[in-house]
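What follows is the residue order along each chain.
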Amino acid sequence: MNYRNEIAFIAHWSRLAACLSEDPELFFPISPHGPGQMQHELAKAVCRRCPVRRQCLDYALSTHQMHGVWGGTSPDERAAVLATARQGADASM
């Protein structure tokens, strides 16, 4: 996929996202624990009803989003997915 097609695809799926009608700050809690836990859970609840959750998660993983809730995952959850993928790639070499 070339850059222009990638941008068009991103623009397409993101227009269908459940989060469009939400405050963007909801998806950037200070922490998934303690004071930010409720905000974190509310953001994940929006993601659970989102029709493009998988595309959002794929985007976050491919662009190494280090902050916020993307595709229903926290930064720590995405880091674990990337680490597992790296280990799998290393094992196949």
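Let us look at the structure shown here. (Residues numbered from 1 in each chain as written. Predicted model: local features only at pLDDT ≥ 70, side-chain atom pairs only at ≥ 80, totals over all residues. Heavy atoms only, no water.)

## Some details on the overall build of the protein
Looking only at helices and strands, one finds 4 helices and 0 strands in the protein. Put simply, the protein runs from its N terminus to its C terminus through helices and strands in the order α-α-α-α. Here the analysis covers contacts within the protein between residues at least 6 apart in sequence; of these, 41% occur between residues at least 24 apart. Accessible area for the protein stands at about 6,500 Å²; split by element, carbon and sulfur atoms hold 59% of it. (Helix = DSSP H or I, 4+ residues; strand = E, 2+ residues; numbered from the N terminus. Contact = heavy atoms within 4.5 Å. Areas by Shrake-Rupley, 256 points an atom, 1.4 Å probe, with all protein chains shown as cover.)

## A look at unusual backbone geometry
A positive phi angle is found at His-64, which is not glycine, with a value near 55 degrees. Residue His-64 is classed as partly exposed on the basis of its relative accessible area of 47%. (Buried < 20%, exposed > 50% of the residue type's maximum accessible area, 1.4 Å probe, protein only.)

## As for the side chain of His-40
Here His-40 lies in helix H2 (residues 37-48). Here His-40 is in contact with Pro-29, Ser-31, Pro-32, Val-69 and Ser-74, once residues within four sequence places are set aside.

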